[in-house]
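Each chain, letter by letter, is given below.
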Amino acid sequence: MKHLTDEHIKELRERLEEEVTTLRESLSDIGQMDENGDWSVSIPDPDLAEEDPNTQADRFEETYNRGGSLSAMEARLELVEQALAHMDEGTYGVSTSSGEEISLERLQANPAAMLTIKEAQEEEKLHDTRGVFDKD
């Protein structure tokens, strides 16, 4: 964290805290948190008198799409909260993989970054399965 000034930390903390607020509000719009802190999709109330199968299919599709959005936002919220915890511990701005400093430019682009750009690119390559099943 030596490469980050107090002013950098303050600015990045404010951005992370704003993102936590935004994510929690967005999650509340499409889901609800249970007593364990886990989020689940809020299912739109069906109009039981409605017989139209197209409307029922639209409701199912909306619920399905909410699940994907909820999962992505929940994962991002976890990263942002981890970054704030690292700030509190004094380990913010250091890769959780290698211990190398994460550049200020990367943190300004993504304050929740836990890896250097190089490490993130390498991890992305490992998880990129596009083309694995392609046959020539």
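Residues numbered from 1 in each chain as written. Predicted model: local features only at pLDDT ≥ 70, side-chain atom pairs only at ≥ 80, totals over all residues. Heavy atoms only, no water.

## A few points about the overall build of the protein chain
Thinking step 1. A count of helices and strands for the protein chain gives 4 helices and 2 strands.
Thinking step 2. Expressed as a percentage of its 136 residues, the buried residues of the protein chain come to 29%.
Thinking step 3. Carbon together with sulfur atoms contributes 48% to the accessible area of the protein chain, which is approximately 9,700 Å² in total. (Helix = DSSP H or I, 4+ residues; strand = E, 2+ residues; numbered from the N terminus. Buried < 20%, exposed > 50% of the residue type's maximum accessible area, 1.4 Å probe, protein only. Areas by Shrake-Rupley, 256 points an atom, 1.4 Å probe, with all protein chains shown as cover.)

## Side note on the environment of Gly93
Thinking step 1. Tracing the chain through its elements places Gly93 in the loop between helix H2 (53-89) and helix H3 (104-109).
Thinking step 2. Sequence spacing of Gly93 and Lys2 is 91 residues, and the spatial spacing of their C-alpha atoms is 8.8 Å.
Thinking step 3. In this structure Gly93 touches His3, Leu4, Glu100, Glu101, Ile102 and Leu107, once residues within four positions along its chain are discounted. (Contact = heavy atoms within 4.5 Å.)

## Observations concerning the side chain of Arg106
Thinking step 1. The residue Arg106 is located in helix H3 in this model.
Thinking step 2. At 7.4 Å, Glu119 is the nearest oppositely charged side chain to Arg106, a buried residue that forms no salt bridge.
Thinking step 3. Here Arg106 is in contact with Ala113, Leu115, Thr116, Ile117 and Ala120, once residues within four sequence places are set aside. (Lys, Arg positive; Asp, Glu negative; His and termini not counted. Salt bridge = Lys/Arg side-chain N within 4 Å of Asp/Glu carboxyl O.)

## Describing the pattern of salt bridges
Thinking step 1. By the definition in use, this model includes 4 salt bridges.
Thinking step 2. For Arg76, the salt bridge identified is with Glu19, shortest N-O distance 2.6 Å. Within this pair, whereas Arg76 is found in helix H2, its partner Glu19 is found in helix H1 (residues 6-30), the two being separated by 57 residues in sequence.
Thinking step 3. Judged by relative accessible area, Arg76 falls into the partly exposed class, the value being 23%.
Thinking step 4. In this structure, the salt-bridge partner of Glu81 is Arg24, at a minimum N-O distance of 2.5 Å. Taken together, the residues span a long stretch of sequence, with Glu81 in helix H2 and Arg24 in helix H1 at a distance of 57 residues.

## Comments concerning the nonpolar core
In summary, soluble globular proteins display a tendency toward joint burial of nonpolar side chains.
Thinking step 1. Ranked by internal contacts, the top residues of the largest apolar core, which has 22 residues, are Leu16, Val80, Met87, Tyr92 and Leu107.
Thinking step 2. Contributing elements (two or more residues each) for this core: H1, H2 and H3.
Thinking step 3. Each residue touching Val80, except ones within four places of it in the same chain, is listed here: Leu16, Glu19, Val20, Leu23 and Ala112. (Core = buried A, V, L, I, M, F, W, Y, C linked by side-chain atoms within 4.5 Å.)

## A look at the side chain of Ser95
Thinking step 1. Position of Ser95 relative to the elements: it lies in the loop between H2 and H3.
Thinking step 2. A polar contact is formed between the side chain of Ser95 and the backbone nitrogen of Ser97, at a distance of 3.0 Å.
Thinking step 3. Within the structure, the side chain of Ser95 is placed 2.5 Å from the side chain of Glu119, a separation counted as a polar contact.
Thinking step 4. Once residues within four sequence positions are removed from consideration, Ser95 is found in contact with Glu100, Ile102, Met114, Leu115, Thr116 and Glu119. (Polar contact = N/O pair within 3.5 Å; in protein donor to acceptor, adjacent residues only side chain to side chain.)

## Regarding the environment of Ser69
Thinking step 1. Relative to the assigned elements, Ser69 resides in helix H2.
Thinking step 2. Looking at Ser69, the relative accessible area reads 36%, which means it is partly exposed.

## Topic: a negative patch on the surface
Thinking step 1. On the surface, Asp6, Glu7, Glu11, Glu14 and Glu18 cluster together into a patch of negative charge.
Thinking step 2. By relative accessible area, Asp6 is classed as exposed at 70%. (Patch = residues over 30% accessible without salt bridge, like charges linked within 9 Å, V, L, I, M, F, W, Y side chains within 5 Å. Charge placed at Lys NZ, Arg CZ, Asp CG, Glu CD.)

## Some remarks on the confidence of the model for the protein chain
Thinking step 1. Looking at the protein chain as a whole, the pLDDT averages 82, with 71% of positions reaching at least 70.
Thinking step 2. When pLDDT is averaged over each helix and strand of the protein chain, the minimum, 64, is found for strand S2 (residues 39-41) and the maximum, 96, for H3. (pLDDT = per-residue confidence, 0-100.)

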